[in-house]
Amino acid sequence: MIQFVKDLFTIDKHPRRGLMPLEWVVLGYLIVTSLLILFAYSEMEYPMEMLKGRGRVLAVMAGLWIAYRLVPCRFTLLFRIVGQMSLLSWWYPDTYDLNRIFPNLDYMFATAEQSIFGYQPALVFCKEFPSAFFSELMDLGYASYYPMIAVVCLYYFFGRYEEFEKCTFIIVASFFIYYVIFVFLPVTGPTFYFKAVGLDNITQGIFPNVHDYFKTHLECLPSPGDTNGLFYQLVEGAKAAGERPTAAFPSSHVGISTICMMLAWQSGSRKLFYFLLPFFVLLCFSTVYIQAHYAIDAIAGLLTGLLLWYLLDKVRIK
């Protein structure tokens, strides 16, 4: 422990001078979305506030870089990475402000879901398993999303420090790739779409095109399950705090957690992998159970997660 603390504050002999790959990803996303805001300025509701927010992100990045340059060690490097990862939840609702300038596509995805399964899994799943115990398991799985990410990153920092930067780069880069998809593919998911068109239409297999409905409406269905459950309340609280009609396809919850599982396996720690495995399985099913995603969103999340891990793992990090 004493040696670890010493290592944490030992000055790097060869400190990095420029931005880390992870920070270049953030900067790239910031530039691309800023250009989109300027291009669609008249259609945005709060374009100047969005641009100011990006200016604050730049200021945070610059401040963390300066702190590292003044005291180049593992501790300040950790803060550079944690600083950007902590903003991931801030960037998420921003995708809604960007993608609502495009027409909604949920009717296409709900139609595809019906064609594949013959029904809407997000509507049927919770009805087939209505027990309080099962719903709490599902909400536990959904609530484990960010803790799973934190556990994997901390394992790499404490146990495989030489691969820590690569691990966090893969996770952050994947997040922003998903965010780009969400901006240009406006799908809200069942909880918003079912609320917008009515459950009567859904049960009859009618999926109206709502066009730009979500440009001005944020209402969603309450999550199914035991309303008195601890994890149910955690999930509903998170929805109330920051959920927006955005980011349904593919499911980044499934995609990022798949990447975390691959990183856990790659770490060589089977204990870490098998510890996370039950939470991962619950999370994958919970995205459909709580009506956050169509089943095809979850399947696409699994496949894109594997693909992103494979591709980003090949990026060389110096």
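Enquirer: Would you mind going over the environment of F117 with me for this structure?
Expert: By secondary structure assignment, the location of F117 is in helix α6 (residues 106–117). When the C-alpha positions of F117 and G205 are compared, they lie 12 Å apart, and in sequence the two are 88 residues distant.

Enquirer: Where do I start with a nonpolar patch on the surface in this structure?
Expert: On the surface, I11, W65, I66, L70 and V71 cluster together into a nonpolar patch covering about 470 Å² of accessible area. Structurally, the position occupied by I66 is in helix α3 (residues 47–70). Since its relative accessible area comes to 44%, I66 is described here as partly exposed.

Enquirer: Sorry if this is basic, but what is going on with the packing of aromatic side chains here?
Expert: Given two aromatic rings, their pairing is described by the distance between the two centres and the angle made by the two planes. Within this structure, the stated rule accounts for 32 aromatic pairs. Taking the centre distance of 5.4 Å and the plane angle of 85 degrees together, the rings of F157 and F158 count as edge-to-face. Pairing F275 with F279 gives two aromatic rings, centres 5.7 Å apart and planes at 55 degrees, and the pair type is tilted. One end of the pair is F275 and the other is F279, both in helix α15 (residues 270–289) and 4 residues apart, which spans about a single turn. Overall, the relative accessible area of 48% leaves F275 in the partly exposed class. Taken together, the ring pairs in this structure connect Y29, W90, W91, Y145, Y146, F175, F176, Y178, Y179 and F182 into an aromatic cluster. Over the aromatic face of Y161 sits the side chain of R74, whose NZ or CZ is 3.9 Å from the ring centroid. When the ring centre of Y68 is taken as reference, the NZ or CZ atom of R80 above it lies at 5.0 Å.

Enquirer: How do you make sense of the nonpolar core when you look at a structure like this?
Expert: Generally speaking, soluble globular proteins have nonpolar side chains that are buried together. Of all hydrophobic cores here, the largest spans 92 residues; its most connected members are W91, I149, I171, Y179, Y193 and L263. When residues of this core are assigned to their parent elements, the largest contribution, 13 residues, is made by helix α10 (residues 164–184). Those residues in contact with L263, other than ones at most four positions away along the chain, are V152, Y156, C167, I170, I171 and W309.

Enquirer: Looking at this structure, how should I read unusual backbone geometry?
Expert: Among all residues except glycine, the phi angle is most often negative; among peptide bonds, the trans geometry is most common. Note the cis peptide between F249 and P250, where omega equals -10 degrees. Mapped onto the elements of the fold, P250 is located in the loop between α13 (230–242) and α14 (252–266). Not every positive phi belongs to a glycine, and H211 is a case in point at roughly 55 degrees. The residue H211 is located in the loop between α12 (199–203) and α13 in this model. Taking the relative accessible area as the measure of exposure, H211 reaches 48% and is therefore partly exposed. Positive phi is not limited to glycine here, since Q291 has a value of about 70 degrees.

Enquirer: Please clarify how empty space enclosed by the protein should be interpreted in this entry.
Expert: The method is simple in principle: a probe with the dimensions of a water molecule rolls over the atoms, and the space it marks as empty is what remains. Applying the stated rule across the entire model yields 1 cavity of 30 Å³ or more. Around the largest cavity sit 13 residues that line it, and N99, R100, N104, P186 and F214 are the ones nearest its centre. When grouped by side-chain class, the residues that make up the lining of the largest cavity number 6 nonpolar, 4 polar and 3 charged.

Enquirer: Help me understand the side chain of S267, please; the structure alone is not making it clear to me.
Expert: Structurally, the position occupied by S267 is in the loop between α14 and α15. Residue classification places S267 among the buried residues on the basis of a relative accessible area of 2%. A distance of 2.5 Å separates the side chain of S267 from the backbone oxygen of A264, its partner in a polar contact. In contact with S267, other than residues within four places in its own chain, are Y155, Y156, R160 and L272.

What counts as what
- Residues numbered from 1 in each chain as written.
- Predicted model: local features only at pLDDT ≥ 70, side-chain atom pairs only at ≥ 80, totals over all residues.
- Heavy atoms only, no water.
- Helix = DSSP H or I, 4+ residues; strand = E, 2+ residues; numbered from the N terminus.
- Patch = residues over 30% accessible without salt bridge, like charges linked within 9 Å, V, L, I, M, F, W, Y side chains within 5 Å.
- Areas by Shrake-Rupley, 256 points an atom, 1.4 Å probe, with all protein chains shown as cover.
- Salt bridge = Lys/Arg side-chain N within 4 Å of Asp/Glu carboxyl O.
- Buried < 20%, exposed > 50% of the residue type's maximum accessible area, 1.4 Å probe, protein only.
- Phe/Tyr/Trp six-rings, centres within 6.5 Å; stacked < 30°, edge-to-face > 60°.
- Lys NZ or Arg CZ within 6 Å of the ring centre and 35° of its normal.
- Core = buried A, V, L, I, M, F, W, Y, C linked by side-chain atoms within 4.5 Å.
- Contact = heavy atoms within 4.5 Å.
- 1 Å grid on protein atoms, 1.4 Å probe; cavity = no way out; pocket = protein on both sides within 12 Å on 5 of 7 lines; lining within 4 Å.
- Points joined across faces, edges and corners; volume = space filled by probe spheres on them.
- Nonpolar A, V, L, I, M, F, W, Y, C, P; charged D, E, K, R; others polar.
- Polar contact = N/O pair within 3.5 Å; in protein donor to acceptor, adjacent residues only side chain to side chain.

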